[in-house]
Amino acid sequence: MAHGQIRVLLVDRAVAAVATAARVARLAVRLATRTPMGPADLYAAVATARFMAAHELIESAADAVTESGDPDTDLIQIRTPLWFGRMTLHDEETQR
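Residues numbered from 1 in each chain as written. Predicted model: local features only at pLDDT ≥ 70, side-chain atom pairs only at ≥ 80, totals over all residues. Heavy atoms only, no water.

Participant: How do you make sense of the overall build of the chain when you look at a structure like this?
Facilitator: Helices and strands together make up the secondary structure of the chain, namely two helices and two strands. Listing every helix and strand of the chain by position from the N terminus yields α-α-β-β. Within the chain, the fraction of its 96 residues that count as buried is 4%. Across the chain, every contact between residues at least 6 apart in sequence was considered, and the portion connecting residues at least 24 apart equals 23%. When the accessible area of the chain is evaluated, it comes to approximately 8100 Å², of which 62% is carbon and sulfur surface. (Helix = DSSP H or I, 4+ residues; strand = E, 2+ residues; numbered from the N terminus. Buried < 20%, exposed > 50% of the residue type's maximum accessible area, 1.4 Å probe, protein only. Contact = heavy atoms within 4.5 Å. Areas by Shrake-Rupley, 256 points an atom, 1.4 Å probe, with all protein chains shown as cover.)

Listed below in C-alpha cells is the structure:
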C-alpha cells in the first residue's frame, strides 16, 4: 500500500468512528428528550436497576447453596461480573 493510501484509509476510519459516535449521541439525546424523566431520574433508575440485579444475584446464589443439599457447602463470596462494575456483594471471611 502506498503512503497516500494509508493516510486516506486512516482518515476514512476516523470519519466512520466520528459518524458512529454522532449516531450514538443523537440516539441518547433523542431518548433523553422524549421521556418525561430528567437526567437525574434516569441516573437513579440505572443505579437502582444495578443494585436490584445485585440483590437478585445474592438471592439466586443463596438458593443454589441451599438447594445443593450438601451441609458442608458455604457461601463465601459473591461478585458481580465486569458489566456490573465488578463489585463484591458478599464476602464472608472464614475463621479456622
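Participant: What exactly am I supposed to notice about helix α2 (residues 39-68) here?
Facilitator: Helical geometry: 3.6 residues make up each α-helical turn, so side chains three or four residues apart lie on a common side. Taking 1.5 Å of rise per residue, 30 residues should cover 44 Å, and α2 covers 44 Å from first to last C-alpha, within 8% of that figure. Following α2 by one or two positions, G69 has its phi on the positive side, about 80°. (Expected span 1.5 Å × (residues − 1).)

Participant: Explanation requested: a negative patch on the surface in the structure shown.
Facilitator: A surface patch of negative charge is lined by E56, E59, D63 and E67. Structurally, the position occupied by E67 is in helix α2. (Patch = residues over 30% accessible without salt bridge, like charges linked within 9 Å, V, L, I, M, F, W, Y side chains within 5 Å. Salt bridge = Lys/Arg side-chain N within 4 Å of Asp/Glu carboxyl O. Lys, Arg positive; Asp, Glu negative; His and termini not counted. Charge placed at Lys NZ, Arg CZ, Asp CG, Glu CD.)

Participant: In this structure, what is going on with the confidence of the model for the chain? I would like to understand it.
Facilitator: Interpreting fine coordinate detail is not advised for predicted regions of low pLDDT. When pLDDT is averaged along the chain, the result is 76; 79% of the residues meet or exceed 70. Mean pLDDT in the chain bottoms out at strand β2 (residues 88-91), which sits at 64, and peaks at helix α1 (residues 3-34), which reaches 83. (pLDDT = per-residue confidence, 0-100.)

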